[in-house]
Amino acid sequence: MDVLTRLQLLREQIRHHENCYYVLAAPEISDEEFDRLLHELEKLESEHPDLVTEDSPTQRVAGRPTASFPTVEHIAPMLSLDNAYNEAELRAFDERVRKGAGLGDAAVDYVAELKIDGLSIALTYQEGRLVRGATRGDGTRGEDVTANVRTIRPIPLALKGGPTGRMEVRGEVFLPRAAFARINKEREDAGEPLFANPRNAAAGTMRNLDPALVAKRQLGAFSYQVVLSGREPPQDMQKHRDALRALAAWGLPVERHHQRCSGIDEVVAFCERWAEGRLALDFDTDGVVIKVDDLALRERLGTTAKFPRWATAFKFPAQQAHTKLRRIEVNVGRTGANTPYAVLEPVFVAGSTISMATLHNADDIARKDLREGDTVVIEKAGDVIPRVVAPILALRPADAVPWVMPTRCRACDSELVRDEDEVVWRCDNSSCPARLRRSLEHFASRSAMNIEGLGESLVEQVIEQGLVRDFADLYHLASAQLENLVVAPRDPKSARAVPRKLGKVGRNVFAEIERSKSNDLSRLVYALGIRHVGEKAAATLSRHLRTMAAILDAPVEALQTIPDVGPVVAASVRSFGHEPRNRAVIDKLAAAGVNMASQQPEVDEGAPGPLAGKTFVLTGTLPTMTREEATAAIEERGGKVAGSVSKKTSYVVAGEEAGSKLEKARALGIPILTEEGFRGLII
Ligand SMILES: [Zn+2]
C-alpha cells in the first residue's frame, strides 16, 4: 500500500472512532488501540510532512496562542429567539403560528429540543472541511475562534459525505458538569477564583487565546441547524428532523432527547417533563426550544425584525426559593480573608437541599441590606453555587437590625485589617489557627507539596492535637505519632462508625511527607502561599533565582527584571521575605532537610507569557476581583498594567462606575472588556 492510501485510511479510521467515542458515546475499540492508530498516523506524517492536511486528526491543536480574535460576518444573521415563560405563553405562540400559516384548528408539527446553557457557535464547512468557527457575537458579526473550535473533540474536522460547497452549521458549545467540577477543583487547589457556573466557564474558555488550554478543558458541543446560503434545501431535507438526521449522519453531535410533538399539548408535556428531568443530565439546560418542523411552513411564517416567527424558547421556571436567613457567619481562608456566608433554613431547590449560600463580602451585604432573621430569596446560579438575591422586606421581623461585619477575626480574635482599594477584611496573624488549617491544606495539596493523604480531616487533627503549629512541624512528626492518631469516622451514620487509629494510613502519610522533602523548589515556593504567587509565578521565581535564599533576599528591582514578575508580585515576595516569622519557618524547613534549590534547568529567557506585549488599563470596580488581583493576574502572564489610556493600550478592563478612561477608550476604539471577558483572557 502506498503512503498516501495508508494515510487516508488511517485518518478515516480515526475519524470514525472519534465519532464513536465523543459523539455517540459508544467506542468500538480500546483507548490503547485508538492511541496506536493515532501514533502510527503521527509517525507517518512526521516522515512525510508535505502530506499533512489541515483536516487530519493530528491537527486539532496546531496553532500557537493568538493575540486577538478577528471579527467575521455570519452568512445569515444568527437571530435570537422569543421567550415563553409559562404554558399560556406557549399556547399563545402556537396560536400565532396557526394564524400566520392559515391553518385554523389543525395541529402543527413541532420539534422540541433541550436548550443547552452554553455558548452559540457557527461552524463553516467548505466541501466538507471545517474552515471556520465563530461565536455568535451580536448576531451579525462574531469572533473568529477557529483555532479553539478545532480542539473540541466532538466537532469533526471533516464530515462524512455531506453537501458540497459552503455550509454553516449552528450549535452550542458547553462544559459538561463533570468537566466543570474538575476545573473548579483544580482552581480551588491553586487558590484561584472559581467559575460561578458552566456557562461562564465555557464562555471564558472559548475566548481564551491559547488553543492548547482550550483543548484541556474538554468542551462538549451539540449542533441543531444547517444554513445553506442562497440555496434551496435538498429534496431529502424538507423537515427540521431531516436536518437533525443529516447532521448526525455527517458525524456532527446532536442532542438525542429532541422529540417531534404533534400540536402544542405534546410540547407542554415535554416542557413539564424536562423541568425536572434535566437535573439528571450531564450538562446544564435552561429551557426547551420549540421549532416548526416543516421548513416550507417556516418560510411562510418568516421573521420579525428580531425573532423568527416559527420558533420560541421556553424558559424553565427560575431556580429560586424563599427561606429564612438564620445567621450570617464568617469563614476564614488561608490568606486570612474573613468572608461572610449565609446559614439558611434548609430548603429544596433544583434537585438538592440548600442550607448555606455565599454572601461575597460585607459591602455586598450592606448594599442588599440583608439581616439575620430575614426571609430571603435564594437562587441557584447556573444550578451550581447558591446565592442570596435579596431580602423580602414585607416579612422582616420588627427587631431585625442591620448586620455589622465583625472587627476581629472569628478564629483568633486578632483585629481585622482592610487593605486600601479592597473589599476584603483580613486577619494578619500568621499563627491564626483557621489560617494555619487552610494554609496547611494548601501546602499539602496536589499542585503544591503533593503530600497524598494529608487532607482536610487529618490537617484538622494534627492542629487540634497541638502536633503542628507551622509547616515545618510536619517534618518533625514521627511515623508512630501519625499511626496512633485517632480519627473520626468518615461517615458518622455508618454501622462501623467508631473512631479508629490511623495505623497503616498514618505510615503512608509519613512516607509521603518524607518524599516531599526532595520536591523541586518551585513546589515549595508555591506551597508557602505567598499572596499573588500562583503556580506559574512560583516556577518562574525558582527557575530564575535558583535558591530559596536568593528569592527571599532579592530586592524589588531585581525581582521585577524577571520576565512575568510585575510590581505587585515583586512587592508581595519582598514583604514575605522581610517578615522574621516567615524566615524562621523556612530555616526550620531547611533544617528538617527540605530541598531549597531549583532542580530545573537554568533558563536564558523563559517563554513569554500569553499576555506578553499587551498593555491593560483597569478602571472602575470589578464585580468580584480587586484591582490588585487583576494586576497580579496580568503581570503573572507577562502583560503590563498602565495608568492611563493611550493608542498603545491593548485592552481596557472596565467595571462599575468607570469614568473618563472608559470614554477615552471608546473614543480611541480600544477593546473594552468586562470582568467576564477579562477572565476569558487569563484562564
Ligand atoms: Zn485569625
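Residues numbered from 1 in each chain as written. Predicted model: local features only at pLDDT ≥ 70, side-chain atom pairs only at ≥ 80, totals over all residues. Heavy atoms only, no water.

**Remarks on the nonpolar core**
In plain terms, the rule: Definition used in this section: a nonpolar core is a set of buried Ala, Val, Leu, Ile, Met, Phe, Trp, Tyr and Cys residues joined via side-chain atoms within 4.5 Å. Burial here depends on accessible area, computed with a 1.4 Å probe over protein chains only, as a share of the maximum for the residue type. Under 20% is buried, over 50% is exposed, and the range in between is partly exposed. The domain limits used here are those given by an automatic or database domain assignment.
Membership of the largest hydrophobic core comes to 53 residues, with the highest contact counts inside it found for Leu123, Tyr125, Met206, Trp250 and Phe678. Taken domain by domain, the makeup of this core includes at least three residues from each of domain 2 (83–315) and domain 6 (615–682).

**Here we look at the domain arrangement of the chain**
The parts lose accessible area when they come together, and the size of an interface is often stated as this lost area. The domain architecture assigned to the chain consists of domain 1 (3–59), domain 2 (83–315), domain 3 (320–425), domain 4 (433–516), domain 5 (521–591) and domain 6 (615–682). The straight-line distance from the C-alpha centre of domain 2 to that of domain 3 is 37 Å.

**Things to note about the pairing of strand β8 (residues 220–227)**
Side-chain positions along a regular strand alternate between the two faces of the sheet. This is how it is decided: For helices the rule is a DSSP run of H or I covering at least 4 residues; for strands it is a run of E covering at least 2, with both sets numbered from the N terminus onward. Only strands that DSSP links by at least two bridges are regarded as paired with each other.
Most of β8 is tucked away: six of the eight residues are buried. With seven bridges connecting them, strand β7 (residues 166–174) and β8 associate as antiparallel partners. Counterpart to Glu172 in the pairing with β8 is Phe222.

**Structural notes on helix α3 (residues 87–101)**
Heads up, the rule is: Helix span, as expected, comes to 1.5 Å for every residue beyond the first. Regarding the arc, it is the one traced by the directions from the helix axis to the C-beta atoms.
Taking 1.5 Å as the rise per residue, α3 with 15 residues should run 21 Å; its terminal C-alpha atoms sit 21 Å apart, in good agreement. Those residues of α3 lying buried are Leu90, Phe93, Asp94, Val97, Arg98 and Ala101. Seen end-on, α3 carries its buried residues on one side only, within an arc spanning 130°. Turned more than 90 degrees away from the buried face of α3, the exposed residues are Ala88, Lys99 and Gly100.

**Quick look at the sheet that holds strand β21 (residues 615–619)**
We count it as follows: Throughout, a residue-residue contact means that at least one pair of heavy atoms, one from each residue, lies within 4.5 Å. Fitted lines through C-alpha atoms give the axes, limited to the stretch in contact for helices. The angle between two N-to-C directions lies from 0 to 180 degrees.
Reading across from one edge, β22-β21-β23-β24 is the order of the four strands in this open sheet, with parallel pairing throughout. Each having just a single partner strand, β22 (640–642) and β24 (672–673) make up the two edges of the open sheet. One ladder, built from three bridges, connects β21 with β22; its direction is parallel. Pairing of Phe616 across the sheet is with Val641, part of β22. Of the strands in this sheet, β21 and β22 are in contact with helix α22 (residues 627–636), which crosses β21 at around 170°.

**What about empty space enclosed by the protein?**
Convention followed: Residues are said to line a cavity or pocket when one of their atoms sits within 4 Å of a point; the points come from a 1 Å grid over protein atoms alone, cavities being sets where a 1.4 Å probe fits but cannot get out and pockets being open sets with protein on both sides within 12 Å along at least five of seven lines. Grid points are joined across faces, edges and corners, and a volume is the space filled by probe spheres set on the points. Amino acid classes used here: Ala, Val, Leu, Ile, Met, Phe, Trp, Tyr, Cys and Pro are nonpolar; Asp, Glu, Lys and Arg are charged; the rest, including Gly, are polar.
What the rule picks out here adds up to one cavity of 30 Å³ or more. Taken as a whole, the largest cavity holds about 40 Å³ of empty space. Lining the largest cavity we find Ile121, Leu123, Ile155, Gly171, Glu172, Ala221, Phe222, Ser223 and Pro253. Sorting the residues of the lining of the largest cavity by element identifies β4 (119–126), β7 and β8 as the ones contributing at least two each. Per element, the largest residue contribution to the lining of the largest cavity is three residues, and it comes from β8. Of the residues assigned to the lining of the largest cavity, the class counts are six nonpolar, two polar and one charged.

**A few points about the coordination of the zinc ion**
Put simply, the test is: Any nitrogen, oxygen or sulfur atom within 2.8 Å of a metal ion counts as a donor, with the limit raised to 3.2 Å for Na, K and Ca, and since water is left out, coordination shells can look unfinished. For a four-donor site, all angles between 85 and 135 degrees give tetrahedral; for four or six donors, opposite pairs above 155 degrees with the remaining angles between 65 and 115 give square planar or octahedral; all remaining cases count as irregular.
Of the protein atoms, only Cys409 (SG), Cys412 (SG), Cys427 (SG) and Cys432 (SG) coordinate the zinc ion, at distances of 2.3 to 2.4 Å. Geometry at the zinc ion is tetrahedral, judged from its four donor atoms and the angles of 98 to 114° they form at the metal. Every donor residue of the zinc ion comes from the same chain, spaced as C-x2-C-x14-C-x4-C. Of this pair, Cys409 sits in the loop between β16 (385–391) and β17 (416–418) while Cys427 sits in strand β18 (residues 425–427); the two residues are 18 residues apart in sequence, bridging distant segments of the chain. Under the relative-accessibility criterion, Cys409 is labelled buried at 3%.

**Overview of the packing of helix α12 (residues 433–444) against helix α13 (residues 456–464)**
Here is the rule we go by: Throughout, the term roughly parallel applies to angles under 35 degrees, roughly antiparallel to angles over 145, roughly perpendicular to angles from 65 to 115, and oblique to all others. Handedness of each helix crossing follows the sense of rotation of the near helix against the far helix: counterclockwise by less than a right angle gives left-handed, clockwise gives right-handed.
One way to put it is that α12 packs onto α13 with a least axis distance of 10 Å and a crossing angle of 135°. When the axis of α12 is compared with that of α13, the two are oblique. In this structure, α12 meets α13 at a crossing whose hand is right-handed. Side by side, α12 and α13 meet where Leu436, Arg437, Leu440 and Glu441 of the first sit next to Glu456, Val459, Glu460 and Ile463 of the second. The class makeup of the residues in the contact of α12 with α13 is four nonpolar, no polar and four charged.

**Focus on the sheet that holds β8**
Ordered by their spatial adjacency, four strands build an open sheet running β5-β4-β7-β8, and the pairing between neighbours is antiparallel. The open sheet terminates on both sides in strands that have one partner only, identified here as β5 (129–135) and β8. If you compare each strand with its neighbour and ignore which way they point, the axes differ by 30° on average. Sitting on the sheet, helix α8 (residues 240–249) touches β7 and β8, and the angle it makes with β8 is about 130°.

**Observations concerning the packing of aromatic side chains**
Note the threshold: Stacked, tilted and edge-to-face are the three classes applied to pairs of Phe, Tyr and Trp rings, where Trp contributes its six-membered ring and a pair requires centres within 6.5 Å; stacked means planes under 30 degrees apart, edge-to-face means over 60, and tilted covers the rest. Lysine and arginine charges are scored as sitting over a ring when NZ or CZ, respectively, is within 6 Å of the ring centre and within 35 degrees of the ring normal.
Evaluation of the coordinates by the stated rule reveals 10 aromatic pairs. Relative to Phe471, the ring of Phe443 lies with its centre 4.5 Å away and its plane at 15°, an arrangement referred to as stacked. One end of the pair, Phe443, is in helix α12; the other, Phe471, is in the loop between α13 and α14 (479–483), and 28 residues separate them in sequence. For Phe443, a relative accessible area of 0% gives the class buried. Through successive ring pairs, a cluster of aromatic residues spans Phe174, Phe222 and Phe283. Here the basic side chain of Arg298 rests over the ring of Trp310, its NZ or CZ set 4.0 Å away from the ring centre.

**Brief notes about the environment of Arg278**
Let me state the cut-off plainly: Residues adjacent in sequence count toward polar contacts only when both atoms are side-chain atoms; beyond that, a polar contact is any pair of N or O atoms within 3.5 Å, and within protein one must be able to donate a hydrogen and the other to accept it.
Looking at the secondary structure, you find Arg278 in the loop between α9 (264–277) and β10 (285–292). The class for Arg278 is buried, based on a relative accessible area of 4%. Residues Arg278 and Val423, 145 residues apart in the sequence, show an inter-C-alpha distance of 37 Å. A polar atom in the side chain of Arg278 sits 3.2 Å from the backbone oxygen of Ala275.

**Details of the side chain of Asn519**
Within the secondary structure layout, Asn519 lies in the loop between α15 (504–516) and α16 (521–527). Engagement of the side chain of Asn519 in a polar contact is seen with the backbone oxygen of Met449, the distance being 3.0 Å. Not counting the four nearest positions on each side in its chain, Asn519 is found in contact with Ala448, Met449, Asn595 and Gln599.

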